[in-house]
Each structure stands twice: as C-alpha cells, then as structure tokens.
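Structural overview
Take a look at the letters that make up each chain.
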Amino acid sequence: MVSIKTAKDIEAMRPACQHAANTLVMIEPYIKAGITTDDINDLVHEFTIKAGGIPAPLNYHGFPKSVCTSVNHVVCHGIPGNKKLKDGDIINVDVTTILGGWHGDTSKTFYVGKPKVRTEKVVEVARKALELGIAQVRPDATLGDIGHAIQSYVEGERMSVVREYCGHGIGRVFHEDPQVLHYGKVNTGLKLKAGMVFTIEPMVNIGKAAVKLLGDKWTVVTRDKSLSAQFEHTLVVTETGCEILTLPS
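Note that the structure is a prediction, hence the values are computed from the model and not measured.

Looking now at the sheet that holds strand β13 (residues 228–230). Strand order in the open sheet formed by 3 strands is β6-β10-β13, with antiparallel pairing between adjacent strands. Looking along the sheet, the strands with just one partner apiece sit at the ends: β6 (160–161) and β13.

Below, the structure written as structure tokens:
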C-alpha cells in the first residue's frame, strides 16, 4: 500500500527534510583530503543530535554508523571508518534525519580536491539524472516515466544505472512503498497521485551496471571497480507537479 500524506503530514515532515538538507551543507567544508569517513560520521551525528534529531541509519537493521559514506567505486551503504580521503576522490554522503517521528532523506556526491575529467563526468551525469527524474513527477505520470528519463539519459552518456537499489516511499517509516526504479518504460508502473512522498536517488556507474555486496553485508561496490556517483532528494507529488522537500534553507 502506498500512503498518501495529508497537508498536515507534509508540514510535519519538513523539519526532518530540512535538517537532512542542511546537514549536507554543514559537512561540505570538511570534505577535504586527510579527513576520515569516521570524522564525517561524527560530525553528522553531533549535528543531528544537537538539533534534537535521530540519525536514522544508526542501528537500522544493524547498520553501525549514523551516515553512509561511499567513496569512489562504492555504490552505496559505505560504512564510515578510518579511511582517509585523498585528493581526486569522490564521496557520496547519504543522510537521513528523524525529527518528530518523520524521516528526511538526501544525499550528495562531493569532490575531494580537484577531480579528473572522467570523475567529474560521472558525478555531473548523476546530478543531471536526478534532475531529469524529478522533472517527470506530477499527478498521473508513472514511476516508469521517472525510470525511463533517468535510464535513457545515463545510457546516452555511455554510462550505466544500478538496478539492484532504488528510491522508496518515506514518511514515519524509513523505507516504504513505492519502490522507485531508476530504469523503466514510459507509461508503465504505478500512477502518481498528489500526496505521495518518495525519494529518487539514481546510482550511476562510469563502467558497467553490475555490483556486488561485500562481506560486511552493507557495502555495495561496482564489480568492475569503476567509479559510481549518486544524488538523492525526498519529494512530494503536488496537484501541479512536485515539491523537493530536501532543498537546503
């Protein structure tokens, strides 16, 4: 069942979404060579707790940290640790805040220092893919429209879309229906209605789409060790289109 959020629900979600967005703004100046992903985790954790929030990833199905940090060929769900970032790396920081019982979920891929041309290309393709997916969201459009817009653009850029992981409904529950695939066909899948709230979060690989799960049962990497980039927003379908809830203030 896909829940339809009321206007009151949406207002109640805004603080969590806003805090998640502001967390990415807060962390950006710290994304430099020499910082560890554990340092990033600590900064996010403290920023969230200070605001009266809860970092949703912490202890979620056993996840051991407060944020996901996915570096270079890590696609998603990277666990923070003592690894130091170095110049030329990219890192996706995926933040989910709980405030007042509601979730706000967003992520961004950051450059560490000056990127190489190919590195910059995959990041900017992922950024544009999210924008194109969001542009499809309006009442009576379908989830397939979103997936098709993302897939056709990414593959047109000679890159690939990860298929094993997708966007999701969100609200009082971290992950709920619908599943929002980042590939698909026009006019297929669930028809969108005003009040639906979900994430779009395409993972774009510069190489092939195949991924594998590491032994920690969380970290997902590209099989060919090619770079992967991702951006994510939480949004609500409105009567005339959509509103992105995770834009920073």
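Evaluated as defined, the whole model comprises 8 salt bridges. A salt bridge links lysine 108 to glutamate 28; the shortest N-O distance between them is 3.5 Å. Of the two residues, lysine 108 is situated in strand β5 (residues 102–111) and glutamate 28 in the loop between α1 (7–27) and α2 (37–50); the sequence distance between them amounts to 80 residues. Given a relative accessible area of 24%, lysine 108 falls into the partly exposed group. Classification of glutamate 28 as partly exposed rests on a relative accessible area of 40%. Lysine 86 serves as the salt-bridge partner of aspartate 89, at 3.3 Å between the closest nitrogen and oxygen. The class of lysine 86 is partly exposed, set by a relative accessible area of 47%.

Further remarks concern the nonpolar core. The biggest cluster of nonpolar side chains holds 27 residues, and the ones touching the most others in it are Val137, Ile146, Val154, Leu192, Phe198 and Ile200. Tallying contributions element by element places helix α3 (residues 117–134) first for this core, with 7 residues. Those residues within four positions of isoleucine 200 in sequence are excluded, and the remaining contacts are Leu130, Gly133, Ile134, Val137, Ile146, Ile150, Val180, His182, Phe231, Glu232, His233 and Leu235. Of all hydrophobic cores here, the second largest spans 16 residues; its members include Leu24, Ile40, Val71 and Ile91.

Let's shift gears to the packing of aromatic side chains. Counted by the stated rule, this structure contains 2 aromatic pairs. On the basis of an interplanar angle of 55° and a centroid distance of 4.7 Å, the ring pair of tyrosine 60 and phenylalanine 174 is categorised as tilted. Taken together, the positions of tyrosine 60 in the loop between β1 (54–55) and β2 (68–71) and phenylalanine 174 in the loop between β7 (167–169) and β8 (176–180) put the pair 114 residues apart, joining distant regions of the chain. Judged by its relative accessible area of 25%, tyrosine 60 is partly exposed.

On to the packing of α1 against α2, then. The interhelical angle for the contact between α1 and α2, taken along N-to-C directions, is 135°, at an axis separation of 10 Å. The pairing of α1 with α2 is recorded here as oblique in orientation. Where α1 crosses over α2, the two elements pack in a sense that is right-handed. Packed against α1, whose contacting residues are His19, Asn22, Thr23, Met26 and Ile27, the element α2 presents Ile40, Leu43, Val44, Phe47 and Thr48 at the interface. Its residues assigned to classes, the contact of α1 with α2 comprises 6 nonpolar, 4 polar and no charged.

Looking at where threonine 119 falls in the secondary structure, it is placed in helix α3. On a C-alpha basis, the gap between threonine 119 and glutamine 136 in space is 27 Å, while along the polypeptide they are 17 residues apart.

For α2, built from 14 residues, the straight-helix expectation of 20 Å at 1.5 Å per residue is met to within 8% by its first-to-last C-alpha distance of 20 Å. Within α2, burial applies to Thr37, Ile40, Asn41, Val44 and Thr48. For α2, the buried positions fall inside an angular range of 100° around the axis, keeping them on one side. Facing away from the buried side of α2, by more than 90 degrees, are the exposed residues Glu46 and Lys50. For α2, the elements touching its buried residues are α1, β1, β2 and β4 (90–99). Downstream of α2 by one or two residues, glycine 52 has phi in the positive range, about 85°.

About the thresholds
- Within every chain, residues take consecutive numbers counted from 1 along the sequence as written.
- Given that this is a predicted model, residues contribute local features only at a pLDDT of at least 70 and side-chain atom pairs are listed and counted only at 80 or more, while totals for whole chains, interfaces and linings are drawn from all residues.
- Only hydrogens and water are set aside; all other atoms, that is, all heavy atoms of the structure, feed into the side-chain values.
- The pairing criterion is simple: DSSP has to find at least two bridges between the two strands.
- To qualify as a helix, a DSSP run of H or I must reach at least 4 residues; to qualify as a strand, a run of E must reach at least 2; elements of each kind are numbered from the N terminus.
- By salt bridge we mean one thing: a side-chain nitrogen of Lys or Arg within 4 Å of a carboxyl oxygen of Asp or Glu.
- Each residue is placed in one exposure class: buried if its accessible area under a 1.4 Å probe, protein chains only, is under 20% of its type's maximum, exposed if it is over 50%, and partly exposed if it falls in between.
- In this description, a nonpolar core means a group of buried Ala, Val, Leu, Ile, Met, Phe, Trp, Tyr and Cys residues linked to one another through side-chain atoms lying within 4.5 Å.
- It only takes one pair of heavy atoms within 4.5 Å for two residues to be counted as in contact.
- In this scheme Phe, Tyr and Trp rings, the latter by its six-membered ring, pair at centre separations within 6.5 Å, and the angle between planes marks the pair as stacked below 30 degrees, edge-to-face above 60, and tilted otherwise.
- What counts as an axis is a line fitted to C-alpha atoms, over the stretch in contact for a helix, and the angles between N-to-C directions run from 0 to 180 degrees.
- Note that the term roughly parallel is reserved for angles under 35 degrees, roughly antiparallel for angles over 145, roughly perpendicular for angles of 65 to 115, and oblique for everything else.
- Handedness of a crossing is defined here by the sense of rotation of the near helix relative to the far one, left-handed for an anticlockwise turn of less than a right angle and right-handed for a clockwise turn.
- Polar here means any residue outside two lists: the nonpolar Ala, Val, Leu, Ile, Met, Phe, Trp, Tyr, Cys and Pro, and the charged Asp, Glu, Lys and Arg; Gly therefore counts as polar.
- Expected span, for any helix, means 1.5 Å times one less than how many residues it has.
- When we speak of the arc, we mean the arc of directions from the helix axis to the C-beta atoms.

Function cannot be read off these values alone, since they describe shape.
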